[in-house]
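Here are the chains, one letter per residue:
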Amino acid sequence: MSDKEGPDSLDNSLNGEFPLQEKDDGELNMSVGSSVSDSETEKKVRTESPSSPRIPPAFMVAASPPKFLSFEQLMEAASGVKNMALAHEIAVNSDFKLESFQPPDDSIEKKVKDTVRRAFWDAFQAKLDEDPPDFSHALVLIEEVKDNIMMLLLPQHVRFRAQICEVLDVDLIRQKLENDAFDIYYYSNYIIGVMEKLCAPVRDDQVAKLKTIKEVVPLFKEIFEVMDLMKMDMANFTIQQIRPYCQQQSVEYERKKFQDFLKSQQEVGIDGLEFTKAWLKRSHDKITDVNAVEEAMSLPLATPAAIVNEAYIELLDWDEKNVIPETLVMDHARISEQMESAHRLALISSVLMITYSTVGVSISGVQALKEKLKSEICTLLEGVPESDLPKVMGNVGEQVNKTVNEFLSSHGFSARDEAQQRLLVGQITEMSSKDNRVYKLLFKRLLDFLRQIISSQHKEPLKVPPGFSAVERELSQLCGRFLRLISYNRSVFGSFYTDIINTLLQKHMADLSPSALRWDLLMLRNKKVMASRNFVTLRPPKTNITDQKTCLVVVTKLYEDMNASYITKPLLYN
């Protein structure tokens, strides 16, 4: 494959391998087996409806005429978003595969589908029951099987393709039908033999079972079912083959498709980055908030990189009242999964911390007990939604209390009194609330740990935050998944983020008051900045800076290099 092939070639290859619409009733109805859905990836196009005619007053300007979007433009935008979502899943999800769509058993679609298929096979059976049998339906089925087999062949199967076309020649078969020389079992056996050569090893048993079926209608019915599975296997095999190419081209391809999407939105007067701007503004306001004294001292300087990192951290503590940013719609399911994992790790660590601090030194340092407690807590919390935590945490408390009692008894320690046991169970039960102080503390430590990881590069491994030693492996896995997600997202949409943040910073500089400027100087205390390739510690003067001009000089120089992760020029004071 040529290195000069770009996003357009990827788009064409995806359209060729995976058409967006079925071409005929025989095509396999496939749906993407992933967490990405059309409702999440397609922006709804809002159009203004013309109001009832009325004469505007002389001092008012008449409303602009409504803008309409043609059906062709709408379908083109939807197709671009679908292709972008498919390429994104192939590139970032190593477990991505296509799965056949099966409607629910009680759905109308399922009933109609079964009725139509049953009518087709009943008609085929009725033709065979005639005297003499009518094999006209069989000719149609053989032709369709031939087309399906051709879809499974690789480009190098030149001789095999020619042989199949020779044996399954529709004109020749029609002549045999007209001269009563047609043998349906000859062709069915040949088709089964071809399927044996082309199927994946996992389908060997299903193909071998076809040889045991003697009735014509059940035989062809099973042939088509196994053929559908083989087409799905071939589609997933093709995805595995093109995944390296998708990973090479996906960043540029997704950026180009997203720009096309934004352009189509702008044409109808819609801001395609509305929710992304609100998301980054929340992060910007959090870092530059002059009222958040305690929190601001722990936050980084208001650089573009710091604002984006803080926005990424917000994803793990997402408020459902906010709308997911447009640039993260395709990763919404992964973000939700990682957010749930982060909260669950904080909850497990909180239960263990409460247990060890309540019971005391008799169980401290016993790693086997800690692992057993963690395993039991994870089992009880597996698959439990957040709304059911108040009911489940009571059971978790009882199980932890029981396990601790068994450990104390087996190691010769005296039993705890009822008051201590009720206290432990009650404290664990209260963990179902996110307002619990212990839970909030450990979740904050987890977020600070992730903020530290994504904010800079580290030559040495970072120390696991206190309280998370029992879930160190799970925490490492969460960090790895989160880093891969945000790194890919930053590489695709980083240019959009930069433009938005630069606008926010310019507006912030224009709105700065002397008191806010003095606070910016306070935030610089003990912050390391880069000057002449060496790290130096910047400390403001001991005296209070009250002169507005002096403040403006200092902070203006600070914001000169906001496009870098670190400040690259030394700050000067008057």
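Residues numbered from 1 in each chain as written. Predicted model: local features only at pLDDT ≥ 70, side-chain atom pairs only at ≥ 80, totals over all residues. Heavy atoms only, no water.

Per an unreviewed UniProt entry, the protein chain carries the name T-complex protein 11-like protein 1 and comes from Magallana gigas.

S.K.: Can you help me understand the packing of aromatic side chains in this one?
M.R.: How two aromatic rings sit relative to each other is set out by the distance from centre to centre and by the angle between their planes. Under the definition given, this model contains 15 aromatic pairs. With a centroid separation of 6.5 Å and an interplanar angle of 75°, the aromatic rings of Tyr312 and Tyr497 are classed as edge-to-face. Of this pair, Tyr312 sits in helix H13 (residues 304–314) while Tyr497 sits in helix H19 (residues 472–511); the two residues are 185 residues apart in sequence, bridging distant segments of the chain. The residues Tyr312 and Tyr497 share a single accessibility class, namely buried. Among the aromatic residues, those joined into a cluster by ring pairs are Phe120, Trp121, Phe124, Phe220 and Phe224. Stacked on the ring of Tyr356, the Lys or Arg Lys370 has its end atom at 5.5 Å from the ring centre. (Phe/Tyr/Trp six-rings, centres within 6.5 Å; stacked < 30°, edge-to-face > 60°. Helix = DSSP H or I, 4+ residues; strand = E, 2+ residues; numbered from the N terminus. Buried < 20%, exposed > 50% of the residue type's maximum accessible area, 1.4 Å probe, protein only. Lys NZ or Arg CZ within 6 Å of the ring centre and 35° of its normal.)

S.K.: What is the right way to read the packing of helix H16 (residues 389–410) against helix H17 (residues 418–429) from this model?
M.R.: Two quantities define a packed helix pair, namely the angle between the helix axes and the distance between the axes. At their nearest, the axes of H16 and H17 sit 8 Å apart, and the two run at 140° to each other. Considered as vectors, H16 and H17 are oriented oblique to each other. Seen from above, H16 lies across H17 with right-handed handedness. Here H16 contributes Met393, Gly394, Val396, Gly397, Glu398, Val400, Asn401 and Asn405 to the contact with H17, which in turn contributes Gln421, Leu424, Val425, Ile428 and Thr429. Here the residues of the contact of H16 with H17 are counted per class, giving six nonpolar, six polar and one charged. (Axes fitted to C-alpha atoms, helices over the stretch in contact; angles between N-to-C directions. Parallel < 35°, antiparallel > 145°, perpendicular 65-115°, else oblique. Left-handed = near helix turned anticlockwise from the far one by under 90°. Contact = heavy atoms within 4.5 Å. Nonpolar A, V, L, I, M, F, W, Y, C, P; charged D, E, K, R; others polar.)

S.K.: It is not clear to me how unusual backbone geometry should be interpreted in this structure. Could you clarify?
M.R.: One can expect most non-glycine residues to show negative phi and most peptide bonds to be in trans. Residue Asp131 is joined to Pro132 through a cis peptide bond whose omega torsion reads 0°. By the element assignment, Pro132 lies in the loop between helix H4 (108–128) and helix H5 (136–152). Backbone geometry places Asp180, a non-glycine residue, at a positive phi of 55°. In this structure, Asp180 sits in the loop between helix H7 (170–178) and helix H8 (184–198).

S.K.: Would you take a moment to explain the side chain of Arg334 for this structure?
M.R.: Assignment of secondary structure puts Arg334 in helix H14 (residues 332–359). The buried category is assigned to Arg334, whose relative accessible area is 17%. Among the polar contacts made by the side chain of Arg334, one reaches the main-chain carbonyl oxygen of Met330 at a distance of 3.3 Å. (Polar contact = N/O pair within 3.5 Å; in protein donor to acceptor, adjacent residues only side chain to side chain.)

S.K.: When you look at H5 in this model, what are you seeing that I'm missing?
M.R.: Turn by turn, an α-helix covers 3.6 residues, leaving residues three or four places apart pointing in a common direction. With 17 residues, H5 extends 25 Å between its outermost C-alpha atoms, agreeing within 8% with the 24 Å of an ideal straight helix rising 1.5 Å per residue. Regarding H5, the residues found buried are Ala138, Leu139, Leu141, Ile142, Val145, Lys146, Asn148, Ile149, Met150 and Leu152. For H5, the elements touching its buried residues are H4, helix H6 (158–167), H7, H8 and helix H10 (216–267). (Expected span 1.5 Å × (residues − 1).)

S.K.: What is the right way to read the confidence of the model for the protein chain from this model?
M.R.: When pLDDT drops low, the exact placement of atoms in the prediction is not to be read closely. The predicted model of the protein chain averages 75 in pLDDT, with 71% of residues at 70 or higher. The low-confidence segment residues 1–5, where pLDDT is below 50, has three contacts with residues more than four positions distant or belonging to other chains. Low pLDDT (under 50) marks residues 7–69, which in the prediction has 98 contacts with non-local residues, meaning those over four places away or in another chain. (pLDDT = per-residue confidence, 0-100.)

S.K.: It is not clear to me how the nonpolar core should be interpreted in this structure. Could you clarify?
M.R.: The nonpolar side chains of a soluble globular protein tend to be buried with one another. Ranked by internal contacts, the top residues of the largest apolar core, which has 77 residues, are Trp279, Tyr312, Leu381, Met393 and Val396. What Trp279 contacts, discounting residues up to four positions off in sequence, is Ala311, Tyr312, Glu314, Leu315, Trp318, Pro325, Thr327, Leu328 and Tyr497. Counting residues in hydrophobic clusters, the runner-up holds 40 residues, among them Trp121, Leu139, Met150 and Phe224. (Core = buried A, V, L, I, M, F, W, Y, C linked by side-chain atoms within 4.5 Å.)

S.K.: I tried to follow a nonpolar patch on the surface on my own but got confused; where do I start?
M.R.: Residues Ile108, Val112 and Val116 make up a contiguous nonpolar surface patch of roughly 310 Å² in combined accessible area. With respect to the element layout, Val116 can be found in helix H4. What makes Val116 exposed here is its relative accessible area of 53%. (Patch = residues over 30% accessible without salt bridge, like charges linked within 9 Å, V, L, I, M, F, W, Y side chains within 5 Å. Areas by Shrake-Rupley, 256 points an atom, 1.4 Å probe, with all protein chains shown as cover. Salt bridge = Lys/Arg side-chain N within 4 Å of Asp/Glu carboxyl O.)

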